[in-house]
Amino acid sequence: MVGVRIVSQMILSIAIVGCGTAGQASAILLARAGHQVRVFEQAPEIGPVGAGLLLQPTGLDVLLQLGAADEILQMAAPVRRLHGTTISGRTVLDLKYADLRAGLCGFGVQRSALSAILLDRMREAGIEPELGVLIERVTDDDRPFIESSGEREGPFDLVIVADGARSRIRAQYPELVRRDRAYPWGALWFMGEDEAGTYGDVLRQVYRDSRHMLGFLPSGSTVEDPVQRVSLFWSVRAATWSGPESLHLDDWKERVRGLSSHAEPLLEQISKSDQLIFAPYRDAVLRRPFRGAVVFIGDAGHAMSPQLGQGVNLALVDAAELAAQLACRSSVAHALRAFEAARRAHVAFYRRASRWLTPVFQSRWAPLGSARDALLGPMCRFNPIRRQMLLSLAGVKTGILGSRELPADR
């Protein structure tokens with residue numbers, strides 16, 4: 001067929017824009033398959049900003065493929081339960097992974113720990129990321145070039161865009177973009193020490209209607225810092241945040257205490273407002289995740305709020321699926337079409353569910369919080385609905401009733 005590049009029996013030249021989780025995982029898998037891979041990252045060094053993240057069984061399954069799971073689990077904190085209550089103590093959410101399968105759990109992990117381990121695996125695969133390189137443009141060719149500071153690199157057989165929720169490259173493809181806008185809400189994060197094990201193996205949340213939310217995510221340790229840590233997160237309207245100087249720390253601490261005294265050990269560790277990190281949310285939807293030989297994965301392809309805790313897991317599954325399709329299809333074009341079909345239902349469910357749920361937990365519409373408090377508790381106790389909620393939490397849902405198989409217990 002004219003214009004089709006055969007994948008089998010040839011080595012592809014691949015550029016990856018972005019060295020976050022999606023970019024790192026893709027680089028490892030594709031380099032191991034024999035392709036020539038280059039990774040470009042605009043940051044001058046790899047040092048992820050942020051607090052904890054929640055690895056679900058789907059993400060952990062990909063880390064097993066990457067040979068990174070053992071190291072991650074040595075530093076991760078098991079999360080066996082999601083428990084959310086109102087300030088009066090009324091249960092709103094109560095989900096235990098073991099109700100889905102004995103021994104099943106999520107894992108709280110520090111972003112820096114995950115990034116460092118994946119970076120080691122990249123280097124073992126012969127890839128050193130090219131840092132401090134801002135990719136400004138990808139040419140719209142059959143074999144695209146990438147451009148940085150007026151200089152071209154390439155051509156490449158495939159460009160993988162993994163430059164995050166605020167993707168610069170995504171903006172070059174308006175014909176692909178169905179939605180790309182910031183959420184009005186985000187969260188303040190702080191990662192503190194939990195040497196006493198106060199926060200256990202539960203992801204806890206406390207709500208006052210839909211305008212105030214406080215959470216605690218056990219987040220494990222790192223090689224450099226063996227102390228067990230926990231991430232505190234606090235819901236905040238993006239419009240009210242203009243930097244640490246906009247936060248009156250003592251007033252904020254009192255508001256946090258007003259939701260839960262459980263926060264006190266962490267609040268004692270916060271002496272300056274710049275210890276808090278603001279994380280905005282973005283909602284980005286593509287009509288399709290590729291054009292020509294350019295494909296978008298991870299948050300660059302489907303940014304969403306973290307309400308269901310699936311961002312890093314979806315990114316890992318994207319990387320594994322793309323590598324698998326490139327390995328078994330007869331051309332790049334065929335592989336990208338198969339990748340889109342394989343990821344469509346899984347990504348669409350979490351994109352829609354995140355968008356629908358976010359106002360229930362983070363919005364100025366207080367009555368939504370009252371409805372949530374009245375309905376979700378009973379739903380968690382009704383077995384058929386609880387199972388669907390647990391499948392959603394585990395990261396395997398593909399529709400209202402549809403789901404992928406849970407990864408094997410390995």
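Use the structure listed above.
Residues numbered from 1 in each chain as written. Predicted model: local features only at pLDDT ≥ 70, side-chain atom pairs only at ≥ 80, totals over all residues. Heavy atoms only, no water.

Regarding the pairing of strand S13 (residues 177–193)
Okay, step 1: Pairing of S13 with strand S17 (residues 277–286), which is carried by nine bridges, proceeds in the antiparallel orientation. Within S17, the position partnered with Arg181 by the bridge is Asp283.
Okay, step 2: The sheet contact formed by S13 and strand S16 (residues 229–237) spans nine bridges and is antiparallel. Bridged to Gly186 within S16 is Val236. (Pairing = 2+ DSSP bridges. Helix = DSSP H or I, 4+ residues; strand = E, 2+ residues; numbered from the N terminus.)

As for helix H2 (residues 57–66)
Okay, step 1: The buried fraction of H2 amounts to eight of the 10 residues, a majority that puts the element mostly inside the structure.
Okay, step 2: Among all positions of H2, only Pro57, Thr58, Gly59, Leu60, Asp61, Val62, Leu63 and Leu66 are buried.
Okay, step 3: At the C-terminal side of H2, Gly67 shows a positive phi close to 70 degrees. (Buried < 20%, exposed > 50% of the residue type's maximum accessible area, 1.4 Å probe, protein only.)

Here's the deal with the pairing of strand S15 (residues 212–220)
Okay, step 1: Burial runs high along S15: eight of the nine residues are buried.
Okay, step 2: In this structure, strand S14 (residues 202–208) lies alongside S15, joined through five bridges in antiparallel fashion. Residue Arg204 lies in a different strand from S15, and its bridge partner there is Phe216.
Okay, step 3: What sits between the antiparallel neighbours S14 and S15 is a turn of three residues, in which Asp209 has the positive phi angle 45 degrees.

Details of the environment of Arg257
Okay, step 1: Here Arg257 is to be found in helix H5 (residues 249–259).
Okay, step 2: Given the relative accessible area of 30%, Arg257 is considered partly exposed.
Okay, step 3: Distance from Arg257 to Gln74, taken between C-alpha atoms, is 33 Å for residues 183 residues apart in sequence.
Okay, step 4: Beyond its immediate chain neighbours, meaning those up to four positions away, Arg257 contacts Glu264 and Leu267. (Contact = heavy atoms within 4.5 Å.)

Section: the pattern of salt bridges
Okay, step 1: A complete count under the given rule lists 25 salt bridges for this structure.
Okay, step 2: Among the ionic pairs, Glu254 bridges to Arg257, the shortest N-O distance being 2.6 Å. Of the two residues, Glu254 and Arg257 are both situated in helix H5; the distance of three residues between them amounts to about one turn of the helix.
Okay, step 3: For the salt bridge of Arg343 with Asp318, the shortest nitrogen-to-oxygen distance reads 2.7 Å. Of this pair, Arg343 sits in helix H9 (residues 332–361) while Asp318 sits in helix H8 (residues 311–328); the two residues are 25 residues apart in sequence, bridging distant segments of the chain. (Salt bridge = Lys/Arg side-chain N within 4 Å of Asp/Glu carboxyl O.)

A few points about the sheet that holds strand S10 (residues 146–148)
Okay, step 1: The strand order across the open sheet built from three strands is S9-S10-S11, with neighbouring strands paired in antiparallel fashion. Sheet topology places strand S9 (137–138) and strand S11 (151–153) at the edges, where each strand pairs with a single neighbour.

Considerations on the packing of aromatic side chains
Okay, step 1: In total, this model carries eight aromatic pairs according to the counting rule given.
Okay, step 2: Taken together, a centroid distance of 6.4 Å and an interplanar angle of 85 degrees make the contact between Trp234 and Trp252 edge-to-face. Placement of the pair is Trp234 in strand S16 and Trp252 in helix H5, with a sequence separation of 18 residues. The same class applies to Trp234 as to Trp252, namely buried.
Okay, step 3: Between the NZ or CZ atom of Arg152 and the centre of the ring of Phe145, over which it lies, the distance is 4.7 Å. (Phe/Tyr/Trp six-rings, centres within 6.5 Å; stacked < 30°, edge-to-face > 60°. Lys NZ or Arg CZ within 6 Å of the ring centre and 35° of its normal.)

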